[in-house]
Amino acid sequence: MKTILKASVLTIYMLHMCFGTDSQHGVSSRKLQRIKKEVAGYKDVAKSIINLAVYGSAQNRSYDRLSLFVDTIGNRVSGSDNLKKAIKYMYNALQEDKLQNVSLEPVKVPHWERGKESAMMIQPRKKNLAILGLGGSIGTPPEGISAEVIVVSSFAELKSRAREAKGKIVVYNEPYVSYGETVQYRSRGAAEAAKVGAVASLIRSVASLSINSPHTGWQDYEDGVPKIPTACITIEDAELMARLASRGVKIVVQLQMGAVQHPDADSFNTVAEIVGSKYPEQVVIVSGHLDSWDVGQGAMDDGGGAFISWEALSLIKDLGLRPKRTIRLVLWTGEEQGGVGAHQYYEKHKKDIGNMDLVMESDTGTFRPLGMQFSGKPEARVIMSEVMQLLAPINITKLYDNAEGTDISFWMQAGVPGASLLDDLSRYFWFHHSEGDTMTVQNPVWMNHCAAIWTVVAYVVADLEEMLPR
Ligand SMILES: *[C@@H]1O[C@H](CO)[C@@H](O)[C@H](O)[C@H]1NC(C)=O
Ligand SMILES: *[C@@H]1O[C@H](CO)[C@@H](O)[C@H](O)[C@H]1NC(C)=O
Ligand SMILES: *[C@@H]1O[C@H](CO)[C@@H](O)[C@H](O)[C@H]1NC(C)=O
């Protein structure tokens, strides 16, 4: 996941203000009755999906498939050989699963390689610093950079001490507020440090828990601002250097990074379908991204989301169901660099936007599910609320606002309804973009539930008589 989490309460409040009480969110009570009746007609189908995914022969399948995949391939950063192997693996697996129209759509993705890297505090005493270079960072000269450190806790402090920063390594020890708010130190910390003449920057990892773990991620240089090497350090080391600095102790760090930016590489979005029976040209997309960072196994980000999306098509096929519209699985590539594969997919397919019914992405984990997040017109939201009631057998019926997902954002910005899985995020940023993102954090029972929700929503929306209003 690369995007920023948003609040949703205001939107709900405003909808109530706009539509009052005699019509629900702009839908007349007669139409609402008709929608309720149509959706309620899917109760038995929903139950059979839930039974198969949670209690039946497909129990733990998405988890088992994911573990085989990540144990075999490992992590899959954009441009890497591992990502190529992963795409080939999935192409074969989807064909073996007898899904329709299995295909690879070519795109170009960034190819950044971290190379060898290390950091050492050499004054006031020698201490190894665990680091991970940030995606897109330049390397240091081969002999490395040795410089005095200035520790700041915010961009405002950096500005006010700009004169002290020249020629130094800026260490950001920003407090963790939330991912959405704190991630700005990772994404533009190097550019801000370069503006005041720093020679490198080290960012306290954007994580809600650390056992001396660095957490990488993409960062952006700014046009017209010098590029300086940048890496994340652990919360423990950022706090250590902040305490030393507050006592007036001089700190010197030696940083070595072998990072290289290669020319863009060939890659593919991986696609498979269950072709619709009545309106095959109309599409519901279910998706997750196949690429990951180059640490851990990429099991959580976003192996879980990718594999419950595959599971949705498998469950529908196993039950012999065929919705009126096409359900299309897309496993995006190059998500971590800003939805690169998904953006090219959008550019190629936007001419068919009138046929895009709903875009779904799961990219914030597959932990204990809480419900679905939805972006779309109030009239469409009413329908989605009814669809969620079909998940009463597993008691996960809540619909939230503001769907998330870098890869589906291009369609949502153009007005297509979007949906994302909301799960218990309390542990997500413990593991995010770190060596800790492994199969060990996944839970088969939660994945079964996530897959059930994902499948019921995709199937029912794809089978309703009309497309979602937009
Ligand atoms: C699925 O996983 C759960 C939790 O580990 C386990 O109790 C259950 O027996 C598994 N089911 C199958 C079919 O392997
Ligand atoms: C997808 O599969 C269906 C049924 O197998 C076929 O009729 C259709 O031509 C295929 N579409 C594409 C784009 O390959
Ligand atoms: C259903 O979920 C809600 C939270 O959304 C919880 O408060 C309630 O206790 C659950 N009910 C059952 C029967 O598990």
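Model, not experiment: these values are computed from the prediction.

### Let's talk about the site of ligand 1
Link 1 in the chain: Taken together, Gln-59, Asn-60 and Pro-444 are the residues near ligand 1.
Link 2 in the chain: Separating a nitrogen atom of ligand 1 from a side-chain N or O atom of Gln-59 is a distance of 2.8 Å.
Link 3 in the chain: One of the side-chain nitrogen or oxygen atoms of Asn-60 is found 2.4 Å away from an oxygen atom of ligand 1.
Link 4 in the chain: Expressed as a share of its isolated accessible area of 360 Å², the protein-covered part of ligand 1 is 35%.

### A closer look at helix H10 (residues 235-246)
Link 1 in the chain: When the terminal C-alpha atoms of H10 are compared, their 16 Å separation across 12 residues agrees well with the 16 Å that a helix rising 1.5 Å per residue should span.
Link 2 in the chain: The set of residues buried in H10 consists of Ile-235, Asp-237, Ala-238, Leu-240, Met-241, Ala-242 and Leu-244.
Link 3 in the chain: Immediately beyond the C-terminal end of H10, within one or two residues, lies Gly-248, with a positive phi of roughly 80 degrees.

### A short note on the domain arrangement of the protein
Link 1 in the chain: One can read the domain layout of the protein as domain 1 (7-109 + 264-463) and domain 2 (115-258).
Link 2 in the chain: In this assembly, 11 residues from domain 1 lie in contact with 13 residues from domain 2.
Link 3 in the chain: Of the roughly 1,000 Å² buried at the junction of domain 1 and domain 2 (both faces included), carbon and sulfur atoms supply 66%.
Link 4 in the chain: At the boundary of domain 1 and domain 2, one finds 0 salt bridges.
Link 5 in the chain: On inspection of domain 1 and its partner domain 2, the count reaches 3 residue pairs in polar contact (both at pLDDT 80 or more).

### Here's the deal with the nonpolar core
Link 1 in the chain: By size, the foremost hydrophobic cluster in this structure holds 74 residues, and its most contacted members are Leu-358, Met-360 and Val-457.
Link 2 in the chain: Those residues within four positions of Val-457 in sequence are excluded, and the remaining contacts are Leu-358, Met-360, Met-372, Met-384, Val-387, Met-388 and Leu-391.
Link 3 in the chain: Counting residues in each nonpolar core, the second largest holds 26 residues, with Tyr-172, Tyr-185, Ala-190 and Ala-198 among its members.

### Description of the pattern of salt bridges
Link 1 in the chain: Scanning all chains against the criterion turns up 28 salt bridges.
Link 2 in the chain: Here Glu-192 and Lys-195 are joined by a salt bridge, their closest N and O atoms 3.1 Å apart. With Glu-192 and Lys-195 both in helix H9 (residues 184-195) and 3 residues apart, this pair spans about one turn of that helix.
Link 3 in the chain: Judged by its relative accessible area of 11%, Glu-192 is buried.
Link 4 in the chain: Using a relative accessible area of 43% as the deciding quantity, one classes Lys-195 as partly exposed.
Link 5 in the chain: Among the salt bridges present, the one from Glu-222 reaches Lys-195, with a minimum N-O distance of 3.1 Å. In this pair, Glu-222 is assigned in the loop between strand E7 (200-204) and strand E8 (230-233) and Lys-195 in helix H9, connecting sequence segments 27 residues apart.
Link 6 in the chain: Owing to a relative accessible area of 33%, Glu-222 belongs among the partly exposed residues under this scheme.
Link 7 in the chain: In this structure, a network of salt bridges that share partners links the residues Arg-61, Arg-65, Asp-97, Glu-311, Lys-317 and Asp-318.

### Brief notes about the environment of Arg-328
Link 1 in the chain: By secondary structure assignment, the location of Arg-328 is in strand E12 (residues 325-332).
Link 2 in the chain: Here Arg-328 falls in the buried class, since its relative accessible area comes to 15%.
Link 3 in the chain: For the pair Arg-328 and Met-90, spaced 238 residues apart in sequence, the C-alpha separation works out to 15 Å.
Link 4 in the chain: Sequence-distant contacts of Arg-328, defined by excluding residues within four places in its chain, comprise Val-271, Ala-272, Glu-273, Val-283, Val-284, Ile-285, Val-286 and Tyr-345.
Link 5 in the chain: Engagement of the side chain of Arg-328 in a polar contact is seen with the side chain of Tyr-345, the distance being 2.9 Å.

### Let's talk about the confidence of the model for the protein
Link 1 in the chain: With 95% of its residues at a pLDDT of at least 70, the protein reaches an overall mean of 95.
Link 2 in the chain: A low-confidence stretch, residues 3-22 (pLDDT under 50), is modelled with 28 contacts involving residues beyond four sequence positions or located in other chains.

### Some remarks on the sheet that holds strand E1 (residues 100-113)
Link 1 in the chain: Spatial strand order, E1-E10-E12-E11-E13-E16-E14-E15: 8 strands in an open sheet with mixed pairing. Whereas interior strands pair on both sides, the edge strands pair on one side only; in this sheet they are E1 and strand E15 (398-401). This sheet shows a mean twist of 25 degrees between the axes of neighbouring strands, independent of strand direction.
Link 2 in the chain: As paired elements, strand E14 (residues 369-375) and E15 share 4 bridges and run parallel to each other. Its bridge partner lying in E15, Phe-374 is registered against Asp-401.
Link 3 in the chain: Together, strand E13 (356-361), E14, E15 and strand E16 (418-423) form the strand contacts of helix H13 (residues 378-389), whose direction differs from that of E15 by roughly 150 degrees.

### Considerations on the side chain of His-215
Link 1 in the chain: Here His-215 shows up in the loop between E7 and E8.
Link 2 in the chain: Engagement of the side chain of His-215 in a polar contact is seen with the backbone oxygen of His-432, the distance being 2.7 Å.
Link 3 in the chain: Residues within four places of His-215 in sequence aside, it is in contact with Leu-132, Ser-205, Ala-207, Leu-209, Cys-232, Phe-429, Trp-430, Phe-431, His-432, His-433 and Ser-434.

### Quick word on the sheet that holds E8
Link 1 in the chain: Sheet architecture is open: 8 strands sit in the order E3-E2-E9-E5-E6-E7-E8-E4, paired in mixed fashion. Here the strands that pair on one side only, and so sit at the sheet edges, are strand E3 (127-129) and strand E4 (131-133). Here the strands of the sheet are splayed against their neighbours by 30 degrees on average, with no regard to which way each runs.
Link 2 in the chain: As defined by bridge partners, E4 adjoins E8 across 3 bridges and the pair is classed as antiparallel. Opposite Gly-133, over in E8, you have Ala-231 as the bridge partner.
Link 3 in the chain: Packed on one face of the sheet, H10 meets strand E2 (117-123), E3, strand E5 (145-152), strand E6 (169-172), E7, E8 and strand E9 (252-257) and runs near 130 degrees to E3.

Reading guide: rules and limits
- Residues numbered from 1 in each chain as written.
- Chains lettered and ligands numbered in written order.
- Predicted model: local features only at pLDDT ≥ 70, side-chain atom pairs only at ≥ 80, totals over all residues.
- Heavy atoms only, no water.
- Near = heavy atom within 4 Å.
- Polar contact = N/O pair within 3.5 Å; in protein donor to acceptor, adjacent residues only side chain to side chain.
- Areas by Shrake-Rupley, 256 points an atom, 1.4 Å probe, with all protein chains shown as cover.
- Helix = DSSP H or I, 4+ residues; strand = E, 2+ residues; numbered from the N terminus.
- Expected span 1.5 Å × (residues − 1).
- Buried < 20%, exposed > 50% of the residue type's maximum accessible area, 1.4 Å probe, protein only.
- Domains from an automatic or database assignment.
- Contact = heavy atoms within 4.5 Å.
- Buried area = accessible area lost by both parts, 1.4 Å probe.
- Salt bridge = Lys/Arg side-chain N within 4 Å of Asp/Glu carboxyl O.
- Core = buried A, V, L, I, M, F, W, Y, C linked by side-chain atoms within 4.5 Å.
- pLDDT = per-residue confidence, 0-100.
- Pairing = 2+ DSSP bridges.
- Axes fitted to C-alpha atoms, helices over the stretch in contact; angles between N-to-C directions.

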